[in-house]
Amino acid sequence: MPDTSPLTARPLRVTLFASCMVDQLAPGVGFSAVEVLEHLGVQVDFPGDQTCCGQPAFNSGFRSQALPVATRFIELFENVDGPIVVPSGSCAAMVRNYYGDLFDRDPGLLERARRVGERLYEFTEFIDKFFGTDAIRGSLDDSVTYHKSCHLLREIGIDGPPLELLSNVEGLTLTPLNRADVCCGFGGAFSVKMPDISSAILNEKLDNIVQTGAKSVVAADTGCVFQMQGGLRRRGSSVRVVHIAEILADSIRSTGPDR
Amino acid sequence: MKPQTTHFRFKASQTLVNDQIQQSLEHVYTGFHEGRLTAAANTDNWEELRTKGKAIKDHTIAHLDHYLDLLADSVEKNGGHVFFADDAEEARQHILGLAKANDVKTVIKSKSMVSEEMALADALIDAGIEAVETDLGEYIIQLAGETPYHLIAPAVHKSRKDVAALLSDDFKDGDPVPDAVQLTRMARSKLRAVFERADMSVTGVNFAVAESGSIALVTNEGNGRMSTSVPRIHVAVMGMEKIVPSIQDLSTMLRILIRSATGQRISTYVTMVNGPRKPDEEDGPEEFHLVIMNNGRDRLLAETRMRESLNCIRCGACLNACPVYRKVGGHAYGWVYPGPIGSIVSPVLTGLKDASNLPNASSLCGACHSACPVKINIPRMLLELRWRTAEGKVDARERTSSIKERAVWKAWRFGMMGRRRFDLGARVARIMIRPLSRGGWIKKAPPPISGWTVTRDFPLISPKSLKSLLSVRTKHTKRDLD
């Protein structure tokens with residue numbers, strides 16, 4: 001677990017781990033995260049060699065394929081100083097909670113993984129811990145609801161910060177989502193392996209979303225974003241699904257560069 | 001009970017399109033799950049109790065041999081008999097033997113999942129003994145010829161109309177549907193007579209207290225207690241993990257069990273049985289037998305990564321919290337224990353090869369872990385079992401992954417081991433699937449993601465990676481500065 005001591009020095013420089021999915025499928029999310037972090041006065045480094053933390057293979061049971069990819073992740077990120085920020089609670093959970101199981105036969109790697117994990121923060125967790133959820137003074141005319149992405153909520157244990165960040169955006173109407181903490185049915189390979197079950201879970205989520213009347217749904221993980229957006233599009237719904245980094249970046253853009 | 005874990009997908013797909021069952025499963029959330037949340041919120045030291053409960057179970061399971069010896073001694077001191085059954089067959093034969101030796105004609109059963117492992121009621125009936133379930137839910141299930149749908153609510157998938165038709169031969173389609181009180185009366189009128197003629201009872205055990213030799217039974221119907229007191233022989237059956245060291249520990253465990261199961265602070269009945277009737281007592285059975293069953297639990301005990309599953313107190317909270325259980329229902333899991341806990345214990349107890357779909361039937365959302373009163377990390381064990389089915393590293397015979405699947409992950413690894421391959425792979429994939437897309441989304445994707453697009457659009461890979469977007473931006477910023 002990362003250090004939970006009270007806020008001390010605000011980092012001036014962080015390293016962004018985009019996650020493979022953001023990097024290739026939703027670069028706008030990563031771009032937005034950079035903008036928000038810079039808005040907070042943080043310089044963002046992006047190691048160009050990064051790919052993936054290994055979670056997709058690990059969660060599918062293919063640990064021998066995940067192992068070298070995760071080892072590569074550690075080698076890359078143990079050489080950078082300061083906090084590492086990732087706009088995904090799921091990737092953060094992989095590194096912080098599951099590298100232990102992946103490296104359990106290699107005490108050396110286990111310790112190196114632990115040290116990287118200590119410096120790795122999910123995006124909203126990082127903002128909350130070092131700057132506070134009122135540090136971004138943006139405004140946006142939109143009506144949204146928030147889906148509590150599972151791994152951020154239950155694996156990392158972050159519940160309040162994303163909602164606080166949203167409620168601090170001026171002009172934003174935030175409608176509570178019924179059963180916000182129930183999974184959207186994504187689950188990585190599960191969504192493809194057992195599509196009928198995944199979709200049944202999604203349908204319940206989408207019904208609850210539509211019921212809020214909000215124009216957009218915010219989530220904190222790209223997997224949830226694609227699952228919900230893919231389902232809403234198929235329904236012919238105009239409700240947009242956005243990552244929390246995107247909506248925060250939008251709120252800054254519409255406010256202008258002055259702070 | 002004969003495992004049918006191979007049928008998971010088929011059974012699940014049947015339930016997904018059954019509107020009546022889907023409606024019934026909704027109560028699992030609004031009734032049990034929300035009830036538990038309220039009960040937890042109203043309990044000041046809830047998290048403390050969970051921590052304590054986990055510590056009690058961790059300690060007991062780590063010293064299980066000691067506490068089993070102690071329990072057996074205590075029960076015998078109280079005048080009871082103890083039988084250790086290595087598997088369901090041994091347990092079944094022992095109980096059948098007891099029934100025959102005592103010329104038993106009628107057995108009343110109280111709710112017990114362990115007796116489902118033995119398929120005990122059927123075995124008794126096959127031996128010519130009348131065996132009747134007396135827990136209302138179990139009775140309904142017995143009449144329907146089914147197996148329990150849920151750990152604590154075996155007939156949760158039945159509508160009131162279904163129940164009426166099962167309880168009354170006269171009930172016809174179109175008749176007014178009786179309410180719950182009327183249905184209970186109908187069952188009671190049938191069951192009373194059975195109680196009166198029963199000469200043996202079989203009950204479960206929620207907790208067995210090692211130091212005192214007591215067993216505790218938690219029920220919301222009086223039939224459980226009546227089963228322990230009316231017939232002349234009482235046989236209690238338990239899995240060997242259902243043990244707590246002391247009465248103090250029992251107090252903690254009851255608090256978390258009942259709140260987690262139904263949201264009640266305490267159940268209508270908590271029955272403590274301390275062996276057979278003593279010479280100076282008026283009520284109670286003449287004989288008390290405790291059957292302690294292994295049935296594969298030693299395998300869970302031996303595997304450090306699976307051992308925590310023996311901490312389970314069968315409250316059902318993980319089922320109620322699970323979005324998958326609430327869609328596929330209890331029968332899909334194919335053996336005694338449904339839901340997330342079933343997905344980790346059934347594969348080990350009945351064979352992972354046949355049950356390989358179970359650990360994969362999860363979005364890994366973690367709701368089970370959060371709900372568990374003794375904090376069992378179920379997702380972690382699902383992942384452990386997925387690893388075994390994917391790679392067969394623990395036992396080669398457990399590997400069920402296809403050659404295609406293995407090739408996909410091998411290729412994935414290759415693609416992730418270098419940034420240029422990663423970018424090239426993404427660009428090639430984009431070129432290949434782009435003709436299928438409109439407005440950045442794909443309506444019908446090829447394998448291996450064809451399953452996705454049956455119900456959802458799939459996003460097209462971005463024309464530029466984040467890396468290239470950021471490098472362009474950095475160049476611009478530099479130019480601006482110049």
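Nothing here was measured: the structure is a model prediction, and the numbers come from that model. (Residues numbered from 1 in each chain as written. Chains lettered and ligands numbered in written order. Predicted model: local features only at pLDDT ≥ 70, side-chain atom pairs only at ≥ 80, totals over all residues. Heavy atoms only, no water.)

## Re the packing of aromatic side chains
Stage number 1. A complete count under the given rule lists 18 aromatic pairs over all chains for this structure.
Stage number 2. With a centroid separation of 6.1 Å and an interplanar angle of 25°, the aromatic rings of phenylalanine 62 of chain A and tryptophan 409 of chain B are classed as stacked. On the criterion of chain membership, the pair formed by phenylalanine 62 of chain A in the loop between α3 (55-59) and α4 (63-77) and tryptophan 409 of chain B in helix α20 (residues 403-416) is interchain, its members lying in two chains. For the pair phenylalanine 62 of chain A and tryptophan 409 of chain B, a shared accessibility class is recorded, and that class is buried.
Stage number 3. Ring geometry for phenylalanine 73 of chain A versus phenylalanine 77 of chain A: centroids 4.7 Å apart, planes at 35°, classification tilted. Taken together, the residues span about one helical turn, with phenylalanine 73 of chain A and phenylalanine 77 of chain A both in helix α4 at a distance of four residues. Phenylalanine 77 of chain A shares its class with phenylalanine 73 of chain A; the two are buried.
Stage number 4. A connected cluster of aromatic rings, assembled from ring pairs, spans Phe17, Phe73, Phe77, Tyr99 and Phe103 of chain A.
Stage number 5. For the cation-ring pair, arginine 314 of chain B lies above tyrosine 337 of chain B, with the distance from its terminal atom to the ring centre recorded as 4.2 Å. (Phe/Tyr/Trp six-rings, centres within 6.5 Å; stacked < 30°, edge-to-face > 60°. Helix = DSSP H or I, 4+ residues; strand = E, 2+ residues; numbered from the N terminus. Buried < 20%, exposed > 50% of the residue type's maximum accessible area, 1.4 Å probe, protein only. Lys NZ or Arg CZ within 6 Å of the ring centre and 35° of its normal.)

## Thoughts on the interface of chain B and chain A
For interface size, the figure often reported is the accessible area lost on association.
Stage number 1. Counting residues at the interface gives 73 residues for chain B, matched by 67 residues for chain A.
Stage number 2. Summed over both sides, the interface between chain B and chain A buries roughly 6200 Å², with carbon and sulfur atoms accounting for 60% of that surface.
Stage number 3. The largest contributions to the chain B side of the interface with chain A come from Trp409, Arg456 and Leu466 of chain B, which together make up 11% of the buried area.
Stage number 4. Applying the counting criterion to the chain B and chain A interface returns 11 salt bridges.
Stage number 5. Aspartate 23 of chain A is paired through a salt bridge with arginine 419 of chain B; the nearest N and O atoms lie 2.6 Å apart.
Stage number 6. Our count for the contact surface shared by chain B and chain A stands at 35 residue pairs in polar contact (both at pLDDT 80 or more).
Stage number 7. Ranked by the residues each element gives to the side of chain B that touches chain A, the list is headed by helix α19 (residues 378-391) of chain B, at eight residues. (Contact = heavy atoms within 4.5 Å. Buried area = accessible area lost by both parts, 1.4 Å probe. Salt bridge = Lys/Arg side-chain N within 4 Å of Asp/Glu carboxyl O. Polar contact = N/O pair within 3.5 Å; in protein donor to acceptor, adjacent residues only side chain to side chain.)

## Regarding the environment of lysine 475 of chain B
Stage number 1. Mapped onto the fold, lysine 475 of chain B is located in helix α22 (residues 466-481).
Stage number 2. Taking the C-alpha atoms as reference, lysine 475 of chain B lies 55 Å from arginine 307 of chain B; in sequence the two are 168 residues apart.

## As for the domain arrangement of chain A
All names here are of chain A.
Stage number 1. As far as domains go, chain A holds domain 1 (13-129) and domain 2 (135-255).
Stage number 2. Taking only C-alpha atoms, the centre of domain 1 and the centre of domain 2 are 22 Å apart.
Stage number 3. Facing the 29 residues of domain 1 at the interface are 27 residues of domain 2.
Stage number 4. Here domain 1 and domain 2 share an interface that buries about 2200 Å² over both sides, 67% of which is from carbon and sulfur atoms.
Stage number 5. Contact with domain 2 buries area across many residues of domain 1, yet Met21, His39 and Thr124 alone supply 22% of it, more than any other trio.
Stage number 6. Put simply, domain 1 and domain 2 have one salt bridge between them.
Stage number 7. Salt-bridge contacts for glutamate 35 lead to arginine 253; the nearest nitrogen and oxygen are separated by 2.4 Å. (Domains from an automatic or database assignment.)

## Looking at the pattern of salt bridges
Stage number 1. Taken as a whole, this structure holds 43 salt bridges over all chains when the rule is applied.
Stage number 2. Glutamate 111 of chain A is the salt-bridge partner of arginine 114 of chain A, the closest N and O atoms lying 2.9 Å from each other. Taken as a pair, arginine 114 of chain A and glutamate 111 of chain A lie in helix α6 (residues 107-119) at a separation of three residues, close to a single helical turn.
Stage number 3. Arginine 114 of chain A sits in the partly exposed class, given a relative accessible area of 42%.
Stage number 4. One connected set of salt bridges, linked through shared partners, spans Arg63 and Asp104 of chain A together with Glu303, Arg305, Glu384 and Arg388 of chain B.

## Structural notes on helix α5 (residues 88-101) of chain B
All names here are of chain B.
Stage number 1. Over its 14 residues, α5 extends 20 Å from the first C-alpha to the last, a length consistent with the 20 Å expected when each residue adds 1.5 Å.
Stage number 2. Taken as a whole, α5 has its buried residues at Ala88, Ala91, Arg92, Ile95, Leu96, Leu98 and Ala99. One side of α5 carries all its buried residues, which in axial view fall inside an arc of 155°. More than 90 degrees from the buried face of α5, the exposed residues found are Lys100 and Ala101.
Stage number 3. Taken together, the buried residues of α5 touch β1 (81-85), α6 (113-118), α7 (120-126), β4 (200-203), β7 (233-239) and β10 (287-293).
Stage number 4. Its side-chain oxygen at 3.3 Å from the backbone nitrogen of glutamate 89, aspartate 87 defines the N-terminal cap of α5.
Stage number 5. Just downstream of α5, aspartate 103 is the residue with a positive phi angle, here 55°. (Expected span 1.5 Å × (residues − 1). Arc of directions from axis to C-beta.)

## A closer look at the state of the cysteines
Stage number 1. Counted according to the given criterion, the structure contains zero disulfides over all chains.
Stage number 2. With no disulfide of its own, cysteine 183 of chain A lies 3.9 Å from the sulfur of cysteine 150 of chain A, the closest cysteine sulfur.
Stage number 3. In this structure cysteine 315 of chain B is a free cysteine whose sulfur lies 6.3 Å from that of cysteine 372 of chain B, the closest cysteine sulfur available. (Disulfide = S-S within 2.5 Å.)

## Focus: the environment of isoleucine 403 of chain B
Residues and elements named next belong to chain B.
Stage number 1. By secondary structure assignment, the location of isoleucine 403 is in helix α20.
Stage number 2. Among the residues examined, isoleucine 403 registers a relative accessible area of 66% and is labelled exposed.
Stage number 3. Residues isoleucine 403 and leucine 25 lie 378 residues apart in sequence; the distance between their C-alpha atoms is 37 Å.

## Quick notes on the pairing of strand β1 (residues 13-16) of chain A
Residue and element names in this part refer to chain A.
Stage number 1. Summarising the sheet, β1 and strand β2 (residues 43-45) pair through three bridges and their orientation is parallel. In the strand pairing of β2, valine 14 is matched with valine 44.
Stage number 2. Judged from the two bridges that link them, β1 and strand β3 (residues 84-86) form a sheet pairing that is parallel. Residue pairing across strands places leucine 16 opposite valine 85, the latter belonging to β3. (Pairing = 2+ DSSP bridges.)

## Re the side chain of threonine 5 of chain B
Residue and element names in this part refer to chain B.
Stage number 1. In this fold, threonine 5 is placed in the segment before α1 (8-16).
Stage number 2. Residue classification places threonine 5 among the buried positions, given a relative accessible area of 2%.
Stage number 3. With sequence-adjacent residues up to four places away left out, threonine 5 is seen in contact with Tyr333, Gly334, Trp335, Thr350, Asp354, Ala355 and Leu358.

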